[in-house]
Amino acid sequence: MAKKNVNYISAKESRKISKENRKITKEFEAKRNRKHIPEEEYITKMKNPENCVEFDDVHTYFFTDIGTVKAVDGVSFNVPQGKTVGIVGESGCGKSVTSLSMLQLVQRPQGQTVSGEIRFNSGDECVNVVNAPASKMQELRGNKMAMIFQEPMTALNPVFRVGAQIDEVIKLHRPEMTDEEVKARTIEMLGMVGIANKEGVYSMYPHELSGGMRQRICIAMALACEPKLIVADEPTTALDVTIQAQILDLLRDLKDRINSSIMLITHDLGVVAEMADYVVVMYAGRVVEKGTAREIFKDPRHPYTIGLMKSKPVVGQKVDELYSIPGSVPNPVNMPDYCYFKDRCDMCMECCNGEFPEEYYISDTHMVRCYRCKEEGERHE
Amino acid sequence: MSNEKDYILEVNHLKKYFPIKGGFFGGVTGNVKAVDDVSFKIERGTTMGLVGESGCGKSTTGRTILRLLEKTDGEVIFNGEDVNKKSKKELRDLRTKMQIVFQDPYSSLSPRLPIGEIIGEAVREHGLVPAAEYDEYISKIMEECGLQEHHKDRYPHEFSGGQRQRVCIARALALNPDFIVCDEPVSALDVSIQAQVINLLRKLQKDRGLTYLFISHDLSVVEHISDTVGVMYLGGLVETGKTEDIFANPLHPYTKALFSAIPMPDPDLKKERVILEGDIPSPANPPKGCKFHTRCSECMGICKEVAPEPKDMGNGHVVRCHLYDDK
Ligand SMILES: Nc1ncnc2c1ncn2[C@@H]1O[C@H](COP(=O)(O)OP(=O)(O)O)[C@@H](O)[C@H]1O
Ligand SMILES: Nc1ncnc2c1ncn2[C@@H]1O[C@H](COP(=O)(O)OP(=O)(O)O)[C@@H](O)[C@H]1O
Ligand code: SF4
Ligand code: SF4
Ligand SMILES: [Mg+2]
Ligand SMILES: [Mg+2]
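Residues numbered from 1 in each chain as written. Chains lettered and ligands numbered in written order. Predicted model: local features only at pLDDT ≥ 70, side-chain atom pairs only at ≥ 80, totals over all residues. Heavy atoms only, no water.

Take the interface of chain B and chain A next. Facing the 37 residues of chain B at the interface are 42 residues of chain A. Between chain B and chain A, a total of about 3,400 Å² is buried, with carbon and sulfur atoms accounting for 54% of that surface. Where chain B packs against chain A, one counts four salt bridges. Among the ionic pairs, Asp268(B) bridges to Lys298(A), the shortest N-O distance being 3.6 Å. Across the contact surface, chain B and chain A share 16 residue pairs in polar contact (both at pLDDT 80 or more). Among the secondary structure elements, those contributing two or more residues to the side of chain B that touches chain A are helix 6 (191-208) and helix 7 (219-225) of chain B. Here the side of chain B that touches chain A gets nine residues from one element, more than from any other, and that element is helix 6 of chain B. Class assignment of the residues belonging to the side of chain B that touches chain A gives a composition of 16 nonpolar, nine polar and 12 charged. (Contact = heavy atoms within 4.5 Å. Buried area = accessible area lost by both parts, 1.4 Å probe. Salt bridge = Lys/Arg side-chain N within 4 Å of Asp/Glu carboxyl O. Polar contact = N/O pair within 3.5 Å; in protein donor to acceptor, adjacent residues only side chain to side chain. Helix = DSSP H or I, 4+ residues; strand = E, 2+ residues; numbered from the N terminus. Nonpolar A, V, L, I, M, F, W, Y, C, P; charged D, E, K, R; others polar.)

As structure tokens, this is what we get:
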């Protein structure tokens, strides 16, 4: 038998897949679009009331014409209140889809959170956002949770003045405020994010501002309602280090002031080390290691985490040749049935041929999905 | 003289202004001073890193050296010859010796050509190898860059970002250059892929004695790959020197601020930061005197009036700042 090329799909196969996909997504959409969704379907309880967010075995898939992309495939982690959780991994590993799942902004209908719970503690109630109706999500977004994107232009409307855009957000969530109060609040926010000429900037258009300034505007907009949770997806990736330092300082400072939690998505380990209390390392849609920032940076265990840390040169530490993880990420529609990292792993052992390793906890907070930690994990239990 | 240094490239007082058109008659109303009096030399077989915030003129410097952009003023001496005095035809031949690799491996490859053709097109055009040896030559170059021979017939969209960057490097390498401008070659890649490409560039340098001008805003990558470093701010070089000296002992207040902004992958390290206030001023209207004075925490009276001259602090460590005027 000729070896089947997994990257190639015939038109006939593709048509068949897309027909099946339509059936599946239609069902999800119908369920979501019901006129009345009873509260008991989405009002729930936190496992631990100290948490702001609990990701519990979340699966978000894309039903594409070439097959199902399991972008987020059984992801679990918590964001404790007032803490920052950094999510790291290479591009395509599912970081953005994780954050979009949190806000239920995954591109539908092809993208669907097919199972698992994402519990969000808004302070007043606990909502499983996976099952929450659109109206509930709208109420939560911007009010209780806010998002900061990599490219601030995507969040700003180019034809409106920035002040008016922030006013809009405040008005939506504080309808009792008068126009003067709203404007005063906006200007206060602009000052808070470190904009010197706040009255001037209030009446400027986004294109009149630099990238760093635009990101400040987005932060002002995100924080205008003092959200419980800030989801920041690569907020400083497009910025220079000097501006990045300003923005990170600002985020840290504001978060402490309004005591919110941050889900910080980035591929930059340095940024994570500076900001995060906890770190989640993702690989090919799964969490392969998580723990406190100290555990992950001082005692990384998963060969992927170790490889990531070794491949980045560090200022002040001279090496002759950089370590580089061989190969590349497996095809997302055709994941192997063993450890996803095995084909690139240089610490691979006999038992790695078995199924994808389970979660091994080597401390109460430090979890590793690698057979190398199996014994230690079992001892810890 | 045996210890005479062999400089492959000398850039003297290079300027590149972009005219700003506007006004009622569409006349020139001003200039963006993208590169404003830049001078440096690169020794053969070494790498010079060029760092600085976006918009400071790194790419324009690289492109003006290669004459992809025509200079406004100054000179570029490559292998002892003035690049700007070359005729069109001479320039064509010179281009094989000076190549460039760009940041974005997606837009810099034609989607309609197979990889083999992309790499080989210019080789054939310049008649660099006899027709009989052509195929073998391309295969060898591809192998050197970590590409497989059977990739020849594939198209760019079938490749990942890292592989595409290998194709870009192979294309440059195929012309057997002496000097390559690497303009943010790894900035768009994931760290693990970055490491592969950086290692490849270093290996090629060792094997072929290449000289690089390595442009990047990533200071840790620049420290790793460079022998010398130039720090740019608003169109000018504020500090140049050996990599070790610049990183161990940065002198210019801007260099210090830039370095202190680098996030370190160590959660126990709480750094004292010099947070730079504000944004970079516009290169169309740069501040008088020292161009950094609007953001400098050590700014003195003289800084606002007089542009600092370069000062050699020893070992080729040159800084442009009035703080060091008295030494
Ligand atoms: N709208 C979409 N349609 C199909 N696949 C998608 C879509 N968005 C993301 N994906 C896929 O999901 C996976 C995870 O993507 P993403 O979360 O954006 O990665 P990251 O943010 O870590 O770079 C990738 O394989 C990507 O191709
Ligand atoms: N073709 C052009 N026309 C007008 N201005 C330009 C052009 N290319 C670059 N510039 C300007 O020159 C300055 C330097 O740009 P560039 O060399 O690309 O900086 P860097 O590579 O350091 O980010 C910037 O202000 C940029 O806007
Ligand atoms: S389970 Fe085995 S193959 Fe997978 S990362 Fe661990 S050692 Fe490597
Ligand atoms: S010359 Fe003056 S303003 Fe410029 S960097 Fe030095 S101290 Fe600062
Ligand atoms: Mg992303
Ligand atoms: Mg550039």
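Back to the write-up after that little detour.
All names here are of chain B. If you check the shell around ligand 2, you find Phe 18, Val 32, Ala 34, Glu 53, Ser 54, Gly 55, Cys 56, Gly 57, Lys 58, Ser 59, Thr 60 and Pro 283 and nothing else. For ligand 2, an oxygen atom lies 3.0 Å from a polar atom in the backbone of Gly 57. In this structure, an oxygen atom belonging to ligand 2 sits 2.7 Å away from a side-chain N or O atom of Ser 59. Taken by itself ligand 2 offers 560 Å² of open surface, and the protein chains cover 60% of this. Put simply, the parts of the chain that give the shell around ligand 2 at least two residues each are strand 2 (27-43) and helix 1 (58-65). Its residues assigned to classes, the shell around ligand 2 shows five nonpolar, five polar and two charged. (Near = heavy atom within 4 Å. Areas by Shrake-Rupley, 256 points an atom, 1.4 Å probe, with all protein chains shown as cover.)

Here we come to the sheet that holds strand 9 (residues 278-283) of chain A. All names here are of chain A. With mixed pairing, the eight strands of this open sheet are ordered in space as 6-7-8-3-9-10-12-11. Looking at the sheet topology across the chains shown, the edges are occupied by strand 6 (145-148) and strand 11 (360-361). Pairing of strand 7 (residues 229-233) with strand 8 (residues 261-265), which is carried by five bridges, proceeds in the parallel orientation. Across the sheet, Val 231 pairs through a bridge with Met 263, a residue of strand 8. Packed on one face of the sheet, helix 2 (residues 95-103) meets strand 3 (84-88), strand 6, strand 7, strand 8 and strand 9 and runs near 150° to strand 7. (Pairing = 2+ DSSP bridges. Axes fitted to C-alpha atoms, helices over the stretch in contact; angles between N-to-C directions.)

Here we take up the packing of aromatic side chains. Enumeration according to the criterion identifies 11 aromatic pairs over all chains in this entry. Between Tyr61(A) and Phe63(A), the aromatic rings sit 6.4 Å apart at their centres with planes inclined by 65°, giving edge-to-face as the arrangement. Both residues of the pair, Tyr61(A) and Phe63(A), count as buried. Considering the side-chain rings of Tyr233(B) and Phe292(B), the 5.0 Å spacing of their centres and the 85° angle between planes classify their relative orientation as edge-to-face. With Tyr233(B) in strand 9 (residues 228-233) and Phe292(B) in the loop between helix 9 (253-260) and strand 11 (311-312), the pair connects residues that are 59 residues apart, well separated along the chain. For Tyr233(B), a relative accessible area of 2% corresponds to the buried category. (Phe/Tyr/Trp six-rings, centres within 6.5 Å; stacked < 30°, edge-to-face > 60°. Buried < 20%, exposed > 50% of the residue type's maximum accessible area, 1.4 Å probe, protein only.)

All names here are of chain B. Neighbouring ligand 4 are 13 residues, the closest being Cys 290, Cys 296, Cys 303, Cys 321 and His 322. When atom positions are compared with the pocket grids, ligand 4 is found to occupy the second largest cavity. Across the shell around ligand 4, the residue classes break down as nine nonpolar, three polar and one charged. (1 Å grid on protein atoms, 1.4 Å probe; cavity = no way out; pocket = protein on both sides within 12 Å on 5 of 7 lines; lining within 4 Å. Sits in = over half its atoms within 2 Å of the grid points.)

To continue, consider helix 1 of chain B. Residues and elements named next belong to chain B. By the criterion of burial, helix 1 is predominantly enclosed, with six of the eight residues buried. Along helix 1, the residues that are buried comprise Lys 58, Thr 60, Thr 61, Gly 62, Thr 64 and Ile 65. Phi turns positive, to about 60°, at Arg 67, one or two residues after helix 1.

For the rest of this paragraph, the subject is the pairing of strand 6 (residues 98-101) of chain B. All names here are of chain B. Because side chains alternate across strand 6, one face comprises the buried residues Met 98 and Ile 100, and the other comprises Gln 99 and Val 101, equally buried. Of the pairings in the sheet, the one linking strand 6 to strand 7 (residues 179-183) comprises four bridges and is parallel in character. Residue pairing in the sheet places Met 98 in a bridge with Phe 179 of strand 7.

A word on the sheet that holds strand 10 (residues 236-242) of chain B. A sheet is described by the order of its strands in space; here eight strands give the open sequence 6-7-8-3-9-10-12-11 (chain B), paired in mixed fashion. This sheet does not close on itself; its edge strands, each paired only once, are strand 6 and strand 11 of chain B.

By themselves, these figures tell us nothing about what the structure is for.
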